[in-house]
Amino acid sequence: MLRKFFALVFLFPLFALAQAPQPPQVIGRAWVLADVSSGQILAAEKADERFEPASLTKIMTAYVVFGALKEKSSSSKSS
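The structure presented is a predicted model; accordingly, all values stated were derived computationally and were not measured.

Attention now moves to the overall build of the protein chain. Of the regular secondary structure elements, the protein chain holds 2 helices and 2 strands. Mapped in sequence order, the helices and strands of the protein chain form the string α-β-β-α. Looking at the protein chain residue by residue over its 79 residues, the buried ones come to 0%. Carbon and sulfur atoms make up 65% of the accessible area of the protein chain, which amounts to about 8000 Å² in all.

Quick look at the structure:
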């Protein structure tokens, strides 16, 4: 009985490692996986390299939206 217990205790970590899922393949030039609550970087690939934005349209849309939000914010303060 004791022999079975020790065998189970020593073999359990091996079974746990064998069943660990493999991370999915990421289709992208660079990526970062972070835990937002702790701010810890969990994994990254090419995180320090500079890349051009994917779309200028996205950047301009954000620029216009944030400009409108800022304008609305400043006009509501003066009212």
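Once that is clear, we can look at the environment of Leu 42. Examined against the element boundaries, Leu 42 turns out to sit in strand 2 (residues 40-45). We classify Leu 42 as exposed; its relative accessible area is 52%. Along the sequence, Leu 42 and Val 32 sit 10 residues apart, while their C-alpha atoms lie 7.8 Å from each other. When residues no more than four places from it in sequence are discounted, the contact partners of Leu 42 are Leu 33, Ala 34 and Asp 35.

Turning our attention to unusual backbone geometry. The backbone phi angle of Lys 46 is positive, close to 55°, even though this residue is not glycine. You can see Lys 46 is positioned in the loop between strand 2 and helix 2 (56-78).

Here the focus is a nonpolar patch on the surface. A cluster of nonpolar side chains, Leu 56, Ile 59, Met 60, Tyr 63 and Val 64, forms an exposed patch at the surface whose accessible area comes to about 550 Å². Its place among the elements puts Tyr 63 in helix 2. Judged by its relative accessible area of 61%, Tyr 63 falls in the exposed class.

The rules we used
- Residues numbered from 1 in each chain as written.
- Predicted model: local features only at pLDDT ≥ 70, side-chain atom pairs only at ≥ 80, totals over all residues.
- Heavy atoms only, no water.
- Helix = DSSP H or I, 4+ residues; strand = E, 2+ residues; numbered from the N terminus.
- Buried < 20%, exposed > 50% of the residue type's maximum accessible area, 1.4 Å probe, protein only.
- Areas by Shrake-Rupley, 256 points an atom, 1.4 Å probe, with all protein chains shown as cover.
- Contact = heavy atoms within 4.5 Å.
- Patch = residues over 30% accessible without salt bridge, like charges linked within 9 Å, V, L, I, M, F, W, Y side chains within 5 Å.
- Salt bridge = Lys/Arg side-chain N within 4 Å of Asp/Glu carboxyl O.

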